[in-house]
Amino acid sequence: GAGVSQSPSNKVTEKGKDVELRCDPISGHTALYWYRQSLGQGLEFLIYFQGNSAPDKSGLPSDRFSAERTGGSVSTLTIQRTQQEDSAVYLCASSSMGSNQPQHFGDGTRLSIL
Amino acid sequence: GESVGLHLPTLSVQEGDNSIINCAYSNSASDYFIWYKQESGKGPQFIIDIRSNMDKRQGQRVTVLLNKTVKHLSLQIAATQPGDSAVYFCAENRVTESGGGADGLTFGKGTHLIIQP
């Protein structure tokens, strides 16, 4: 498709389980970002990739969160041993190379931890 | 804490009127600002951006104004339509503690724009 694609759109899991969220960026976009949005709140930056490398991991809330990107395209965000406070919408965005380029978002994965 | 904030959580306007959504930022080192529109159940949609070397930029029915002196950003929507109902977020580029640039955006909490018929 032409836009950023995220899957699954919804995920319900039990506390303590691991989850993996996927992001397929816009073709040709070298920069990829993950954000988290809690109910009624703004977006919280998690991690940024330029190509396959992640020069900025400062936003990851704990060591239970990790992300990778292979082939300069698809990225996965993994949350291990999920907690109820991890419940949120996880949004992915991509942008073309160069600083200060508009980021284009997918529709997110709504994660609910029971 | 977040360095970008909004003055009003909800803004109600009559259809056809102009809307003005305000945003204050605290980091004077930020040099890139962007407005997003988010409808329920969807991701943020890019509206318009502006760099710090400009004070005004116009798009289709939208204008962004940047006042660096008072660190204020606004989004003006002309002739507001029902389809403009959404939450609007301003965002600025992240700046590291050392003042260096960092990719990724810092978002405000959003303003819910409601269009009255």
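Our structure's up above, just so we're on the same page.
What you see is a predicted model; the values in this text were computed from it and never measured.

(A) Spotlight on the overall build of chain B. Of the regular secondary structure elements, chain B holds 0 helices and 11 strands. Each helix and strand of chain B, ordered N terminal to C terminal, gives the series β-β-β-β-β-β-β-β-β-β-β. Taken across its 117 residues, chain B has 42% of its residues classed as buried. Carbon and sulfur atoms provide 46% of the accessible area of chain B, an area that totals close to 5800 Å².

(B) The arrangement of the sheet that holds strand β8 (residues 75–79) of chain A in detail. Residues and elements named next belong to chain A. Taken in spatial order, the 4 strands line up as β1-β3-β8-β7 in an open sheet, and their pairing is antiparallel. Of all the strands in the sheet, just β1 (5–7) and β7 (65–69) have a single pairing partner and so form its edges. On average, each strand axis in the sheet is tilted by 15° relative to the strand beside it, whichever way the strands run. Across 5 bridges, β7 lies against β8 in antiparallel orientation. The partner of R69 across the bridge, within β8, is S75.

(C) Looking closely at the side chain of S94(A). All names here are of chain A. Within the element layout of this structure, S94 appears in strand β9 (residues 88–95). For S94, a relative accessible area of 0% translates into the label buried. With residues up to four places along the chain from it excluded, the contact list for S94 reads V4, P25, I26, H29, A31, L32, Y33, P102, Q103 and H104.

(D) View of the state of the cysteines. What the rule picks out here adds up to 2 disulfides over all chains. Each sulfur of the disulfide joining C23(A) and C92(A) lies 1.9 Å from the other. Note on the C23(A) and C92(A) pair: the S-S dihedral is about -65°, so by sign convention the disulfide is left-handed. Linking C23(A) in strand β3 (residues 19–24) with C92(A) in strand β9, this pair joins segments that are 69 residues apart in sequence. Among the residues examined, C23(A) registers a relative accessible area of 0% and is labelled buried. Two residues share a disulfide in this structure: C23(B) and C90(B), whose sulfurs sit 1.8 Å from each other.

(E) Seen up close, the pattern of salt bridges. All names here are of chain B. For the structure shown, the criterion picks out 6 salt bridges over all chains. Between R51 and D49 there is a salt bridge, with the nearest N and O atoms lying 4.0 Å from each other. In this structure, R57 and D49 form a salt bridge, with 2.3 Å as the shortest nitrogen-oxygen distance.

(F) Main features of the interface of chain B and chain A. Of the residues lining the interface, 22 residues belong to chain B; the matching set on chain A comes to 21 residues. Around 1700 Å² of area is buried between chain B and chain A when both sides are counted, 49% of it from carbon and sulfur atoms. Remark: the boundary between chain B and chain A carries 0 salt bridges. At the junction of chain B and chain A, the tally comes to 6 residue pairs in polar contact (both at pLDDT 80 or more). At the level of secondary structure, the elements contributing two or more residues to the side of chain B that touches chain A comprise β4 (32–38), β5 (45–51), β9 (86–95) and β10 (101–107) of chain B. It is β10(B) that contributes the most residues to the side of chain B that touches chain A, 5 residues altogether. Within the side of chain B that touches chain A, the residues separate by chemical class into 9 nonpolar, 6 polar and 7 charged.

What counts, and at which threshold
Residues numbered from 1 in each chain as written. Chains lettered and ligands numbered in written order. Predicted model: local features only at pLDDT ≥ 70, side-chain atom pairs only at ≥ 80, totals over all residues. Heavy atoms only, no water. Helix = DSSP H or I, 4+ residues; strand = E, 2+ residues; numbered from the N terminus. Buried < 20%, exposed > 50% of the residue type's maximum accessible area, 1.4 Å probe, protein only. Areas by Shrake-Rupley, 256 points an atom, 1.4 Å probe, with all protein chains shown as cover. Pairing = 2+ DSSP bridges. Axes fitted to C-alpha atoms, helices over the stretch in contact; angles between N-to-C directions. Contact = heavy atoms within 4.5 Å. Disulfide = S-S within 2.5 Å. Salt bridge = Lys/Arg side-chain N within 4 Å of Asp/Glu carboxyl O. Buried area = accessible area lost by both parts, 1.4 Å probe. Polar contact = N/O pair within 3.5 Å; in protein donor to acceptor, adjacent residues only side chain to side chain. Nonpolar A, V, L, I, M, F, W, Y, C, P; charged D, E, K, R; others polar.

Such coordinate-based values are descriptive only and should not be taken to indicate function.
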